[in-house]
Amino acid sequence: MNDGVIKKCPVCGSTTRIGKILYGLPDGSEELMRRCGNEEVYLGGCMILPGYPKFHCFECDSNIGKSPILLTKSGGEDYRRITTAIRFREEGRPTLVLEKKDGKTVLEVWTRSEAEQDSDQAGQDSGEAVLTIDEVLRSLNQTTQDPRESLSYTREMTEEEWKELLDKLYTELYLHEWRVIFLKSRFPEGKRWELETGFTKDRRLKRVGVGIFPPYWEELLDVLKPYYGEAGLS
Ligand SMILES: [Zn+2]
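None of the values given here were measured: they were computed from a predicted structure.

Turning our attention to the overall build of the protein chain. Along its length, the protein chain carries six helices and 13 strands. Dimensions of the protein chain along its principal axes, counting C-alpha atoms only, are 70 × 45 × 35 Å. The contacts in the protein chain between residues at least 6 apart in sequence include a share of 64% that link residues at least 24 apart. By element, 51% of the accessible surface of the protein chain is carried by carbon and sulfur atoms, the whole surface being about 13000 Å².

Protein coordination at the zinc ion: the donors are Cys9 (SG), Cys12 (SG), Cys57 (SG) and Cys60 (SG), at 2.3 Å from the metal. Binding-site remark: the zinc ion is held by donors from one chain whose sequence spacing is C-x2-C-x44-C-x2-C. In this pair, Cys9 is assigned in the segment before strand 1 (18-23) and Cys60 in the loop between strand 3 (55-57) and strand 4 (62-64), connecting sequence segments 51 residues apart. You can call Cys9 buried: its relative accessible area is 0%.

Reading across the sheet, the seven strands line up as 10-9-8-7-12-13-11 and stay open at both edges, with mixed pairing between neighbours. The open sheet has two edge strands with one neighbour each: strand 10 (149-157) and strand 11 (181-183). On average, each strand axis in the sheet is inclined to that of its neighbour by 15°, with strand direction left out of account. The sheet contact formed by strand 11 and strand 13 (residues 203-210) spans three bridges and is parallel. The partner of Leu183 across the bridge, within strand 13, is Val210. The sheet strands contacting helix 5 (residues 159-172) are strand 7 (83-90), strand 8 (95-101), strand 9 (104-112), strand 10 and strand 12 (192-199), and the helix crosses strand 7 at an angle near 70°. Its contacts with the sheet put helix 6 (residues 217-230) on strand 7, strand 8, strand 9, strand 10 and strand 12, and the angle it makes with strand 7 is roughly 90°.

Let's shift gears to the pattern of salt bridges. All told, the structure shown has 23 salt bridges when counted by the stated rule. Residue Arg80 is joined to Asp167 by a salt bridge in which the shortest nitrogen-to-oxygen separation is 3.1 Å. With a gap of 87 residues between them, Arg80 in helix 2 (residues 79-82) and Asp167 in helix 5 connect regions that are remote in the sequence. Overall, Arg80 belongs to the partly exposed group, its relative accessible area being 29%. In this structure, Lys191 and Glu90 form a salt bridge, with 3.5 Å as the shortest nitrogen-oxygen distance.

Take the packing of helix 5 against helix 6 next. Contact geometry of helix 5 with helix 6 gives a least axis separation of 10 Å together with a crossing angle of 160°. Regarding the angle of helix 5 to helix 6, the classification is roughly antiparallel. Crossing of helix 5 over helix 6 shows left-handed handedness. For the pair formed by helix 5 and helix 6, the contact residues are Glu161, Leu165, Lys168 and Leu169 on the first element and Leu220, Val223 and Tyr227 on the second. Broken down by class, the residue content of the contact of helix 5 with helix 6 amounts to five nonpolar, no polar and two charged.

Summary statistics for the protein chain give a mean pLDDT of 89 and a share of 92% for residues scoring 70 or more. When the elements of the protein chain are averaged for pLDDT, helix 3 (residues 114-125) gives the smallest value, 57, and helix 5 the largest, 97.

The rules we used
Residues numbered from 1 in each chain as written. Predicted model: local features only at pLDDT ≥ 70, side-chain atom pairs only at ≥ 80, totals over all residues. Heavy atoms only, no water. Helix = DSSP H or I, 4+ residues; strand = E, 2+ residues; numbered from the N terminus. Contact = heavy atoms within 4.5 Å. Areas by Shrake-Rupley, 256 points an atom, 1.4 Å probe, with all protein chains shown as cover. Donors = N, O, S within 2.8 Å, 3.2 Å for Na, K, Ca; no water. Buried < 20%, exposed > 50% of the residue type's maximum accessible area, 1.4 Å probe, protein only. Pairing = 2+ DSSP bridges. Axes fitted to C-alpha atoms, helices over the stretch in contact; angles between N-to-C directions. Salt bridge = Lys/Arg side-chain N within 4 Å of Asp/Glu carboxyl O. Parallel < 35°, antiparallel > 145°, perpendicular 65-115°, else oblique. Left-handed = near helix turned anticlockwise from the far one by under 90°. Nonpolar A, V, L, I, M, F, W, Y, C, P; charged D, E, K, R; others polar. pLDDT = per-residue confidence, 0-100.

This is the structure in structure tokens:
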């Protein structure tokens, strides 16, 4: 049991096998040993673990609930300060781009014309364009952009709005702890999605999945849905 600060493991989704990390020298008491055995607590030791994780998931053996800090040679950078773009696409949904450019933060929704969607559907029905693992891996290095889409809605975002969004993604959804690839054993069945984050100094990180979704997927959709909504899309 945890004290309710993290509701599920961002790595594997476990909601039950999460214990609080205790730092420092254990006192060796029976009570402490019992709590360790119950997976109520996890001994973090005397060294502070990178990112100062607050919880341990016994299901996937990950330390979770870390501060959103990207550790680099020059020290740590807060993801909320260095994130410059969020690009999201899920099959059947227009692409959402939230991005800092030319000194502004803009929200963009990119859609495909219905004619193109129809031709795509026809292609799938005839058994063409079966997704391969190589294609998924390759897509990790490509920016989330579909040349068949065109800009259908855009507006400027306020700094406050952007800050609030990043706060939510990193402190409530633990985006910095998500795995990068989500593939189902029955690949390539299922919906395909991509979530790309851009950072300062031209850095980027992309997460992709086919048929399987990250533990905080519903929460992510809840955060992003209003942007689709204001563009008149669901
Ligand atoms: Zn886990």
